[in-house]
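Fold and geometry: a report
Spelled out, the chains give:
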Amino acid sequence: MTARTLDTTEEGLAKAAAILTAGGLVAFPTETVYGLGADATNDRAVARIFAAKGRPHFNPLICHVPDVEAAAEIATLADKASALAESFWPGPLTLVLPRRGDGGLSRLVSAGLPTVAIRVPAAATAVDLLRRFGRPVAAPSANSSGRLSPTTAQHVLADLGAAIDAVVDGGACDIGVESTIIGFADGRPTLLRPGGLSVEAIEAVIGTVAQTEGSGDPGSVVAPGMLASHYAPRLPLRTNAAQARGGEVLLGFGRAAPPGPNLSKTGDLIEAAASLFALLHELDQGNATGIAVMTIPDHGLGRAINDRLKRAAAPRPAC
Ligand code: TXA
Ligand code: MG
């Protein structure tokens, strides 16, 4: 695959929206950095983001929407979040908010967490694309895992040109660093990642913002999502299982699996990643005593799936 370069005319953006609708990947400019966009309501499209970036784990992604009304359809904005949205959206601010159950978002977007990161970008091209597409767009920075965030379409093409469907070339990004991320765990505003909007500006609106350990250190911008306690199923989980024991339910993979829930009957790792969180949630609601997951090949998206399963299987802290 070689990415097409689209321009910011009506025709270019209509093509970009059509690719998103078809479940494809489109990189697009925001005022911070270029994002690698996919339909945030489509599990498979979101799984393709992780495959294209070569991410060894499922970091939760930011959902981009054109305005605060669209944000309120997928998440709940309490007082302080509303005040920040009012003051700084559109702009380089991301809010981590409780997900709404009826918002239609892929569970993979927030890596199984009960929260979702949302941003209303200011760049005209991004807003225009979001309005045309009409659904939330999941978009991490459009670079492969471990590489620098791109601020031009050329950066995106050099790095990911072979892995994505298209890039909308809107020239260089104005701000050039990622958005500032604020979360509200326990209702307390907390800085999860410093970025394009200053903490001073935020504190002028909502008062003191707590700093997470190391969040003032630019080296810690790697994975604020890892700071949040990740979703772990209620039931104990066992990996590399050949069959279910006792009251366990077996979560299969591939053709060799017995009949029953299966991450991908054809052994397709993108499909497996797309259904992982939804299937874990579903099995967790059932009446089994545990979840036994068959071996998943440890390459491509299989690495991210195995990383996630290892965390879900790890001993739980006593509570
Ligand atoms: O400026 C930006 O924010 C760019 C543009 C494209 O919008 N996007 C961006 O996305 O930097 P990304 O995926 O590279 O960084 C998003 C960060 C991740 O490190 C992730 O851990 C965190 O946001 N995050 C996303 N959802 C979260 C959640 N529910 N809880 C905690 N952290 C979350
Ligand atoms: Mg990034």
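If you're wondering where the values come from, they're calculated on a predicted model, not measured in any experiment. (Residues numbered from 1 in each chain as written. Chains lettered and ligands numbered in written order. Predicted model: local features only at pLDDT ≥ 70, side-chain atom pairs only at ≥ 80, totals over all residues. Heavy atoms only, no water.)

Section: the overall build of the chain
- Within the chain, the regular secondary structure consists of 9 helices and 14 strands.
- A compact globule built from 319 residues should have a C-alpha radius of gyration of about 20 Å, and the chain, at 20 Å, falls within 12% of that.
- By principal-axis analysis of the C-alpha atoms, the chain measures approximately 55 × 45 × 35 Å.
- Summarising the internal contacts of the chain: among those between residues at least 6 apart in sequence, 67% fall at separations of at least 24.
- Across the chain, 27 positive and 30 negative side-chain charges occur, with their mean positions spaced 9 Å apart. (Helix = DSSP H or I, 4+ residues; strand = E, 2+ residues; numbered from the N terminus. Rg over C-alpha atoms; globule rule 2.2 N^0.38 Å. Contact = heavy atoms within 4.5 Å. Lys, Arg positive; Asp, Glu negative; His and termini not counted. Charge placed at Lys NZ, Arg CZ, Asp CG, Glu CD.)

What about the sheet that holds strand β3 (residues 34-39)?
- Strand order across the open sheet formed by 11 strands is β1-β8-β2-β3-β7-β4-β6-β5-β9-β10-β11, with mixed pairing between neighbours. Edge positions in the sheet fall to β1 (4-6) and β11 (210-211), since each has one partner strand and no second.
- Alignment of strand β5 (residues 93-98) against strand β9 (residues 180-183), held across 4 bridges, turns out to be parallel. The partner of Thr94 across the bridge, within β9, is Ile181. (Pairing = 2+ DSSP bridges.)

Some remarks on the pairing of strand β6 (residues 115-119)
- Within β6, 4 of the 5 residues are buried, which leaves the element mostly enclosed by the surrounding structure.
- Relative to β6, strand β4 (residues 62-64) is paired through 3 bridges, and the arrangement is parallel. Each bridged residue has a counterpart across the sheet, and for Ile62 the counterpart in β6 is Ala117.
- Bridging between β5 and β6 involves 5 bridges; their strand directions are antiparallel. (Buried < 20%, exposed > 50% of the residue type's maximum accessible area, 1.4 Å probe, protein only.)

Quick notes on the confidence of the model for the chain
- Within the chain, residue pLDDT values average 91, and 93% of them lie at 70 or more.
- Segment residues 215-223 is flagged for pLDDT under 50; beyond a separation of four residues in sequence, or across chains, it makes 10 contacts in the model. (pLDDT = per-residue confidence, 0-100.)

Quick look at the sheet that holds strand β12 (residues 237-238)
- Strand order in the open sheet formed by 3 strands is β12-β14-β13, with parallel pairing between adjacent strands. The strands lining the two open edges of the sheet, one partner per strand, are β12 and β13 (248-251).
- Those strands touched by helix α8 (residues 269-285) are β12, β13 and β14 (290-293), and its axis lies near 165° from that of β13. (Axes fitted to C-alpha atoms, helices over the stretch in contact; angles between N-to-C directions.)

So, the packing of helix α1 (residues 10-21) against helix α5 (residues 124-133)
- Following both chains from N to C, one finds α1 and α5 inclined at 55°, their axes separated by 9 Å at the closest point. With respect to their mutual orientation, α1 and α5 come out oblique. Every pair of crossing elements has a handedness; the one defined by α1 and α5 is right-handed. In this structure, α1 uses Glu10, Leu13, Ala14, Ala16, Ala17, Leu20 and Thr21 to contact α5, whose residues at the interface are Thr125, Asp128, Leu129, Arg132 and Phe133.
- For the contact of α1 with α5, the class distribution of residues is 7 nonpolar, 2 polar and 3 charged. (Parallel < 35°, antiparallel > 145°, perpendicular 65-115°, else oblique. Left-handed = near helix turned anticlockwise from the far one by under 90°. Nonpolar A, V, L, I, M, F, W, Y, C, P; charged D, E, K, R; others polar.)

What about the domain arrangement of the chain?
- The domain boundaries assigned to the chain delineate domain 1 (4-77 + 90-174) and domain 2 (237-313).
- Taking only C-alpha atoms, the centre of domain 1 and the centre of domain 2 are 28 Å apart.
- At the boundary of domain 1 with domain 2, total buried surface from both sides reaches about 1300 Å², with 69% on carbon and sulfur atoms.
- Summed over the three residues of domain 1 that lose the most area to domain 2, namely Arg44, Phe58 and Arg107, the buried surface amounts to 42% of that side.
- For the pair domain 1 and domain 2, the interface holds 2 residue pairs in polar contact (both at pLDDT 80 or more).
- Here the residues of the side of domain 1 that touches domain 2 sort into 7 nonpolar, 2 polar and 5 charged. (Domains from an automatic or database assignment. Buried area = accessible area lost by both parts, 1.4 Å probe. Polar contact = N/O pair within 3.5 Å; in protein donor to acceptor, adjacent residues only side chain to side chain.)

Thoughts on unusual backbone geometry
- Across the junction of Trp89 and Pro90, the peptide omega takes the value -5°, indicating a cis bond.
- In this fold, Pro90 is placed in the loop between α4 (79-88) and β5.
- One non-glycine residue, Ala111, adopts positive backbone phi at about 50°.
- You can see Ala111 is positioned in the loop between β5 and β6.

Some remarks on the nonpolar core
- Residues Phe58 and Leu95 are the most contacted members of the largest nonpolar core, which totals 77 residues.
- With 9 residues, the top contributor of residues to this core is α8.
- Among the domains, domain 1 (4-77 + 90-174) and domain 2 (237-313) are the pair contributing at least three residues each to this core.
- Judged by nonpolar contacts, the second largest core, of 17 residues, contains Leu13, Ala123, Phe133 and Val137. (Core = buried A, V, L, I, M, F, W, Y, C linked by side-chain atoms within 4.5 Å.)

Section: helix α9 (residues 301-313)
- Taking 1.5 Å per residue, 13 residues should reach 18 Å; α9 reaches 18 Å between its end C-alpha atoms and fits that length.
- Turning to α9, its buried residues number three or more, namely Leu301, Gly302, Ala304, Ile305, Asp307, Arg308, Leu309 and Ala312.
- Buried positions along α9 lie against α2 (43-53), β12, α8 and β14. (Expected span 1.5 Å × (residues − 1).)

Digging into the environment of Leu97
- Relative to the assigned elements, Leu97 resides in strand β5.
- Separated by 85 residues in the primary sequence, Leu97 and Ile182 place their C-alpha atoms 9.1 Å from one another.
- If near-sequence neighbours (up to four positions away) are discounted, Leu97 is found in contact with Ala75, Thr76, Leu77, Ala81, Pro114, Thr115, Val116, Ile118 and Phe184.

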